[in-house]
Amino acid sequence: MNVTRGQEVNVCHDGVTSHFPDYLTLCVVLVMISCAVYQVVFSVIKLLLLGAICTAYISMALLTHGTLFDNQDALLLLSSGSGEVFVSRYVTAAVLVGFTVALVIHGRQTETTSRLDFLWKLQAHEEKDDIEHLQAYNRKLIANILPEHVAIHFLSVDKAPDELYHEECESVCILFASIPNFSDFYVELESNNEGVECLRLLNEIIADFDELLEEDRFRNIEKIKSTGATYMAAAGLTKATRDLKTFGHVTAMADYALRIRDQLEYVNEHSFNNFKIRIGINIGPVVAGVIGARKPQYDIWGNAVNVASRMDSTGELDKIQVTHEVYQILHKKGYPLTCRGAIKVKGKGDMITYFLNGRSHDTIEREEGSEQAATEERNHK
Ligand SMILES: Nc1ncnc2c1ncn2[C@@H]1O[C@H](COP(=O)(O)OP(=O)(O)OP(=O)(O)O)[C@@H](O)[C@H]1O
C-alpha cells in the first residue's frame, strides 16, 4: 500500500477494532509457544495444532479482519511520515508460517530427544536389573561355596581384602563318611563313557547327601567338602548352631549319619549296586578358615578333625564309629551304641571307640510325628 503524507487516510471501523493487531499476533505466538514447548505430545499432533492456529489466524488476517492490519499500516504511515510501509497482514502471515515451521522442527527434535531419553532410561533399567541379578547370583554362588556366616563376612564392605579369615570353634562335631568300595566300581570303559557314568552315580549320591542337609533338623550341619568318595561335614561351627546345653548339634549329626546310611541303601536298591558306607564321628575344638584368593575353600583343621577322619578310616563297612566323647553325649540322649573296644589309631595310640546302632526314641517319635503330619497334609490336599 502506498500512502503519502498529506493524503487522507481512511481508518475503517468494522465491528472489531484495534489499532495495533500486532499485539494480538504476539498473543497468538505465545499460545503457539505454550502448545509447542510445554505439551509432551507427538510432534504430528503439535504440527496439526500449530497448523490449525496458524491457518485460522492467517485467514483472519488476510480475509476476515484484514482491515485491522490496514488501519495499523495507515496509522504507522501517518506517525512515521515516510512514503512506504510494508503491508503488515502479509508480513504477519509470513512471520506466523516461519514461526510455525520453527516450532514444528523444534517439536520433532524434542520428540527425538525424549524417545532417545526413554530408550536410554529403559536400557539403564535393564542394565541395573542385570547387575542386581548378577549380584544376587554371585551372593548365591558364594553362599554355596562358603557357609552362610563366612559368606556374610566376605560380602561385608568393611572387610580388608588380604585379611585371612579364621576362627577357633569349641565342641564342633565332625563327620567323615566314605564309600571305600567306590574305587572297585569306578572303571574307565568305552561302554560307560570312559568312567563318566560312574562319576554321574557318585555325583547323585553326593547330591543326595547335600539335599538331606536342606532339612530343618540338619540346619546346624555344614558340609565342608567331598573329596573323591569321602564326604566331610561339621556341626556347631557358629554360636547359633552350637548347642552346649543339650548338644543338639551332636544328635543332629548322629541322625544325619544314620540318614545318609539309609540313603545309600536306597541308592543301592535302585541302581543295583552294593556300595558300602563307613562313617566316623568325633567332637572337639577346631580352627576354621578360608584358604586361597582364587577358588577360596572353607575348611577346618585340628586334632579333632584328624581323629574324626581316623574314626572313618579305621571303621567298619556299614557302621558308624564314634569316639568316647561322642558316645558320652549320645548315650545320655538314649542312642543305642555298642562298645567296639580299643583300636590302634595312628598318632593317637589305643582308643576306645563305639558303634552307633540306630536312632534314639526321641528321634523315632519325632520322625513318626513328622511323617504322620506329611501324610495328613497329603490327604488334606
Ligand atoms: N581338613 C581336612 N580335610 C580332610 N581330611 C583331613 C583334614 N584334616 C585332617 N584330615 C585327615 O585326617 C587324617 C589324619 O590326619 P593326621 O594328621 O593325624 O595324619 P597324617 O599322618 O598327616 O595322615 P596320613 O597318615 O593319612 O597320611 C589324614 O588322613 C588327613 O587327610
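What counts and what doesn't
Residues numbered from 1 in each chain as written. Predicted model: local features only at pLDDT ≥ 70, side-chain atom pairs only at ≥ 80, totals over all residues. Heavy atoms only, no water. Helix = DSSP H or I, 4+ residues; strand = E, 2+ residues; numbered from the N terminus. Rg over C-alpha atoms; globule rule 2.2 N^0.38 Å. Buried < 20%, exposed > 50% of the residue type's maximum accessible area, 1.4 Å probe, protein only. Contact = heavy atoms within 4.5 Å. Areas by Shrake-Rupley, 256 points an atom, 1.4 Å probe, with all protein chains shown as cover. Domains from an automatic or database assignment. Near = heavy atom within 4 Å. Polar contact = N/O pair within 3.5 Å; in protein donor to acceptor, adjacent residues only side chain to side chain. Axes fitted to C-alpha atoms, helices over the stretch in contact; angles between N-to-C directions. Parallel < 35°, antiparallel > 145°, perpendicular 65-115°, else oblique. Nonpolar A, V, L, I, M, F, W, Y, C, P; charged D, E, K, R; others polar. UniProt positions renumbered as here; feature names shortened; annotations may be inferred. Phe/Tyr/Trp six-rings, centres within 6.5 Å; stacked < 30°, edge-to-face > 60°. Lys NZ or Arg CZ within 6 Å of the ring centre and 35° of its normal. Salt bridge = Lys/Arg side-chain N within 4 Å of Asp/Glu carboxyl O.

S.K.: How would you sum up the overall build of the protein chain? Please name residues and give values.
M.R.: Within the protein chain one finds eleven helices and eight strands. Scaling as 2.2 N^0.38, a compact globule of 381 residues should have a C-alpha radius of gyration of about 21 Å, whereas the protein chain reaches 44 Å, well beyond that. Judged by the C-alpha coordinates and their principal axes, the protein chain covers about 140 × 50 × 45 Å. Looking at the protein chain residue by residue over its 381 residues, the buried ones come to 36%. For the protein chain, the proportion of contacts with a sequence separation of at least 24, taken over those separated by at least 6, is 66%. For the protein chain, the exposed area adds up to about 23200 Å²; of that, 57% sits on carbon and sulfur atoms.

S.K.: Can you lay out the domain arrangement of the protein chain for me, pointing to particular residues and giving the numbers?
M.R.: Split into domains, the protein chain comes out as domain 1 (22-125) and domain 2 (162-380). Relative to domain 2, the C-alpha centre of domain 1 lies at a distance of 84 Å.

S.K.: An account of the site of the ligand is needed here, citing residue identities and associated values.
M.R.: All residues adjacent to the ligand are Phe176, Lys225, Met232, Asp299, Ile300, Val305, Asn306, Ser309, Arg310 and Lys346. Within the contact set of the ligand, a nitrogen atom lies 2.9 Å away from a side-chain nitrogen or oxygen of Lys225. For the ligand, whose accessible area on its own is 590 Å², the fraction buried by protein is 55%.

S.K.: Requested: an account of the packing of helix 1 (residues 22-38) against helix 2 (residues 43-64), with residues and values cited.
M.R.: The contact between helix 1 and helix 2 brings their axes to 10 Å, and the two run at 170 degrees. With respect to helix 2, the element helix 1 is oriented roughly antiparallel. Along the contact surface, helix 1 presents Leu24, Thr25, Val28, Val31, Met32, Cys35 and Ala36, while helix 2 presents Lys46, Leu49, Leu50, Ile53, Cys54, Tyr57 and Met60. Partitioning the contact of helix 1 with helix 2 into residue classes produces twelve nonpolar, one polar and one charged.

S.K.: Give me the lowdown on the UniProt feature "transmembrane region" (unreviewed entry) in the protein chain, citing residues and values where you can.
M.R.: When the UniProt feature table is mapped onto this chain, "transmembrane region" (unreviewed entry) is found at residues 23-41, 48-66 and 86-105. Across residues 23-41, helical content stands at 84% and strand content at 0%; the span's end C-alpha atoms are separated by 28 Å. The span residues 48-66 is 95% helix and 0% strand, and its two end C-alpha atoms sit 24 Å from each other.

S.K.: Run through the packing of aromatic side chains, naming residues and quoting values.
M.R.: Inspection of every chain in the model, using the stated rule, returns seven aromatic pairs. A ring pair is formed by Phe182 and Phe275, whose centres lie 5.8 Å apart and whose planes are at 35 degrees; its orientation type is tilted. Note that Phe182 is positioned in helix 6 (residues 182-185) and Phe275 in the loop between helix 8 (248-271) and strand 4 (278-291), a separation of 93 residues in sequence. Both residues of the pair, Phe182 and Phe275, belong to the buried class. Geometrically, the ring pair formed by Tyr327 and Tyr354 is stacked, given 3.9 Å between the ring centres and 10 degrees between the ring planes. With Tyr327 in helix 10 (residues 324-332) and Tyr354 in strand 8 (residues 349-356), this residue pair connects regions lying 27 residues apart in the sequence. Taken individually, Tyr327 and Tyr354 each receive the classification buried, so the pair is uniform in this respect. The side chain of Lys319 reaches across the aromatic face of Phe355, ending 5.0 Å from its centre.

S.K.: Go over the UniProt feature "domain: Guanylate cyclase" (unreviewed entry) in the protein chain, please, and point to the residues and values.
M.R.: Look at the UniProt record and you will see "domain: Guanylate cyclase" (unreviewed entry) annotated at residues 173-312. With 39% helix and 27% strand, residues 173-312 has its two end C-alpha atoms placed 14 Å apart.

S.K.: I'd like a rundown of the pattern of salt bridges, residues and numbers included.
M.R.: Taken as a whole and judged by the stated rule, the model has 16 salt bridges. Residue Asp210 is joined to Lys223 by a salt bridge in which the shortest nitrogen-to-oxygen separation is 3.3 Å. Of the two residues, Asp210 sits in helix 7 (residues 196-212) while Lys223 sits in strand 2 (residues 221-227), which places them 13 residues apart along the sequence. Among the charged side chains, a salt-bridge network with shared partners connects Glu215, Arg217, Asp262, Arg359 and Glu367.

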